[in-house]
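# Understanding the architecture of this molecule
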Amino acid sequence: ALPPIVQNTVRSQVGSEEIDDVIRDTSSGRVVYKIVFHQSQLYPPLYVAPDGSVLNPDFTVAVEAVHGLKVKRADLPAPVAATLQEKAPKLEVAWIVKESWGKRDVYIVSFKDEAHNPRLNIAADGAVVEEQ
């Protein structure tokens, strides 16, 4: 049930190691995924941010994620910008990434207060889409 970006980070860090538990933690004021492995003596918990960055146990960034192409708000296609303005006119954007989902380009918008404002996935035509 992890977002695809987080799944990709976990796979790249530990391959197919068996996972015992996934905890979605918001106690720090932001969403952090804590991945607990079956062989915990070999694999300590892995902390991952919603953007796929690997975090230290104190939630500072250990390895910044780079997925897709980072996009500035000013460079969004008009339909995407219009949907973002309609759905989240006053929310502060943390980052925007353009990814290809099959044959469709999707702009993933993350907000600074992700604990209260989940990411918004907007197709190039302006349609809001669910995570794959």
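Description of the structure in this document. Just so you know, these numbers come straight off a predicted model, no measurement behind them. (Residues numbered from 1 in each chain as written. Predicted model: local features only at pLDDT ≥ 70, side-chain atom pairs only at ≥ 80, totals over all residues. Heavy atoms only, no water.)

### Brief notes about the nonpolar core
Core analysis: the largest hydrophobic core is formed by 12 residues, namely Val 71, Leu 76, Val 80, Leu 84, Ala 88, Val 93, Ile 96, Tyr 107, Val 109, Phe 111, Leu 120 and Ile 122. For this core, the secondary-structure elements that each account for two or more residues are helix H2 (78-87), strand S7 (93-101), strand S8 (104-111) and strand S9 (120-123). Residue contributions to this core peak at 3 residues, all from S8. Other than its neighbours up to four places away in sequence, Leu 76 contacts Val 71, Ala 81, Leu 84, Ile 96 and Tyr 107. (Core = buried A, V, L, I, M, F, W, Y, C linked by side-chain atoms within 4.5 Å. Buried < 20%, exposed > 50% of the residue type's maximum accessible area, 1.4 Å probe, protein only. Helix = DSSP H or I, 4+ residues; strand = E, 2+ residues; numbered from the N terminus. Contact = heavy atoms within 4.5 Å.)

### Description of the sheet that holds strand S3 (residues 46-48)
Two pairing modes exist for strands in a sheet, parallel and antiparallel, and in both the strands are linked by backbone hydrogen bonds. With antiparallel pairing, the 5 strands of this open sheet are ordered in space as S1-S2-S3-S4-S5. Two strands in the sheet have a free side with no partner beyond their single neighbour: strand S1 (19-25) and strand S5 (61-63). Bridge analysis of S1 against strand S2 (residues 32-37) gives 6 bridges, and the strand direction is antiparallel. Its bridge partner lying in S2, Val 22 is registered against Ile 35. (Pairing = 2+ DSSP bridges.)

### Quick notes on H2
Restricting attention to buried positions, one finds in H2 the residues Val 80, Thr 83 and Leu 84. Looking straight down H2, one finds its buried side chains confined to an arc of 100°; they lie on one side. Opposite its buried face, H2 presents the exposed residues Ala 78 and Glu 86, each directed more than 90 degrees away. Buried residues in H2 make contact with S7, S8 and S9. (Arc of directions from axis to C-beta.)

### Some remarks on the environment of Arg 30
As for its position among the elements, Arg 30 is in the loop between S1 and S2. Residue classification places Arg 30 among the partly exposed positions, given a relative accessible area of 31%. Here the alpha-carbon distance between Arg 30 and Pro 50, two residues 20 residues apart in the chain, equals 9.2 Å. Ignoring any residue separated from it by four or fewer positions in sequence, one finds Arg 30 in contact with Asp 25, Leu 55, Phe 59 and Ala 115.

### Details of the pairing of S7
For strand S6 (residues 69-70) and S7, the ladder comprises 2 bridges, and the chain directions are antiparallel. Across the sheet, residue Lys 70 finds its bridge partner in S7, namely Val 97. Direction of pairing for S7 relative to S8: antiparallel, over a ladder of 8 bridges. Bridging across to S8, Trp 101 finds its partner in Arg 104.

### Details of the pattern of salt bridges
All chains considered together, the criterion is met by 3 salt bridges. Glu 92 is the salt-bridge partner of Lys 112, the closest N and O atoms lying 3.5 Å from each other. Here the residue Lys 112 occupies a position in the loop between S8 and S9, and Glu 92 occupies one in the loop between H2 and S7, the gap between them amounting to 20 residues. Taken individually, Lys 112 and Glu 92 each receive the classification exposed, so the pair is uniform in this respect. (Salt bridge = Lys/Arg side-chain N within 4 Å of Asp/Glu carboxyl O.)

Note that all results are geometric; they support no functional claim without further evidence.
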